[in-house]
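Structural overview
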Amino acid sequence: MLKRIAQATSLGLIVGAMSIGAAQSADVTLHGASQFDEAHPFTRLMRKFEQLVPLYNAGAETVEFVMHLNSELGLEKDYFNYMSQGISVDYAVASPAHMSTYSKMATLYDPPGLWRSALHMSQVIESGVLKPIEQDILKRADVVILGYGGGATRHLIVNKPVSSMADIKGLSVRVQGAPIWTKAFQAAGMAPTVIAYSEVYNGIQTGRIEAAENEANGIKQMKFYEVGENIALTGHAMTVRPLCFANKSFKRLSANLQTAVMQAGKDAGVFGRIAETTDDAALLIKMEGEGKLKRIAFTERAALSDSMAPAVEGYFAEQNATDLFKAIRAVK
């Protein structure tokens, strides 16, 4: 008898535990993905998104977030493909380059010379001017753009100090392979050349090129400061990294959750831009403090942006987006 009572009690405890577990299970489970660890700005942006969604949700549904870190589900290009298909990944930060196979307009997010400053970029984002790009991505990739991270600033890495438009005239500089980079740097009076990223260090060291361009993390990882210690603060390009959400997943959410997800994504994007912009600037200061590089003030940053503008406008025209370019440049 005692044995049967003990068995019944144990069974009751198991069933009770199962009931509690069922009662506590979330109504909605969303999966995020990051190539990086918890410290990276992209992951921190998504963690902020996860914190805000429940706070903004006016409905009764509960949401569970599952984050896959350190490339567990592949790379950013894979995440975007998954979101487009509505499988495996519901939300992730992705580079516009990985969206361009679906939407050519995605490449209009961050060509060189587009942004006059970090403030200008944020003002444009907050103004809603970028809606045409978001709509094209939704139409062609079935992915919703919730908000915008990014904010890392690209500068010139030079084997000599340069601080003005006159100083960079004829400067041989390595640029990315996309044609708009060559056209923009030519418009600014430099002599751009495309060489492999892995050859940049040796290229500056041997004099094949005088300069390259990158953001603080790239400068640190590749130790470009060893061959080009003068970092001219040109700010000629700034990264835009959208927080994306699978539209197939989005459409399955209740109206309350959709509203919460949209607002949380927008606000998490602001958090992400502040985090990345701050980290980016702090890293350059840290490396300078360690004696690895010298930050050189570039006194004609506005003139540099303006000199690139015609080439960038032509690039927008190729995408039938001249009005969008003008709207971006009109934001003050």
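Below or above, wherever it landed, is the structure these notes cover.

Rules behind the numbers
- Residues numbered from 1 in each chain as written.
- Predicted model: local features only at pLDDT ≥ 70, side-chain atom pairs only at ≥ 80, totals over all residues.
- Heavy atoms only, no water.
- Axes fitted to C-alpha atoms, helices over the stretch in contact; angles between N-to-C directions.
- Helix = DSSP H or I, 4+ residues; strand = E, 2+ residues; numbered from the N terminus.
- Left-handed = near helix turned anticlockwise from the far one by under 90°.
- Buried < 20%, exposed > 50% of the residue type's maximum accessible area, 1.4 Å probe, protein only.
- Contact = heavy atoms within 4.5 Å.
- Salt bridge = Lys/Arg side-chain N within 4 Å of Asp/Glu carboxyl O.

1. Observations concerning the packing of helix H2 (residues 41-56) against helix H12 (residues 255-289)
- In contact at an axis separation of 7 Å, H2 and H12 are set at 150 degrees when each is read in the N-to-C sense. Classified by chirality, the crossing of H12 by H2 is right-handed.

2. Quick word on the environment of Ile157
- By the element assignment, Ile157 lies in strand E4 (residues 143-158).
- Judged by its relative accessible area of 0%, Ile157 falls in the buried class.
- Dropping the residues within four chain positions of it, Ile157 is found in contact with Ile204, Glu210, Ala211, Ala212, Glu213, Asn214, Ile219, Phe224, Gly228, Asn230 and Ile231.

3. Focus on the pattern of salt bridges
- The full count for this structure, using the stated rule, is 18 salt bridges.
- Close ionic contact of Asp279 with Arg44 constitutes a salt bridge, the shortest N to O distance being 2.8 Å. Of this pair, Asp279 sits in helix H12 while Arg44 sits in helix H2; the two residues are 235 residues apart in sequence, bridging distant segments of the chain.
- Residue class for Arg44 comes out partly exposed when judged on its relative accessible area of 26%.
- Sharing partners across several salt bridges, the network here consists of Glu38, Arg47 and Glu50.

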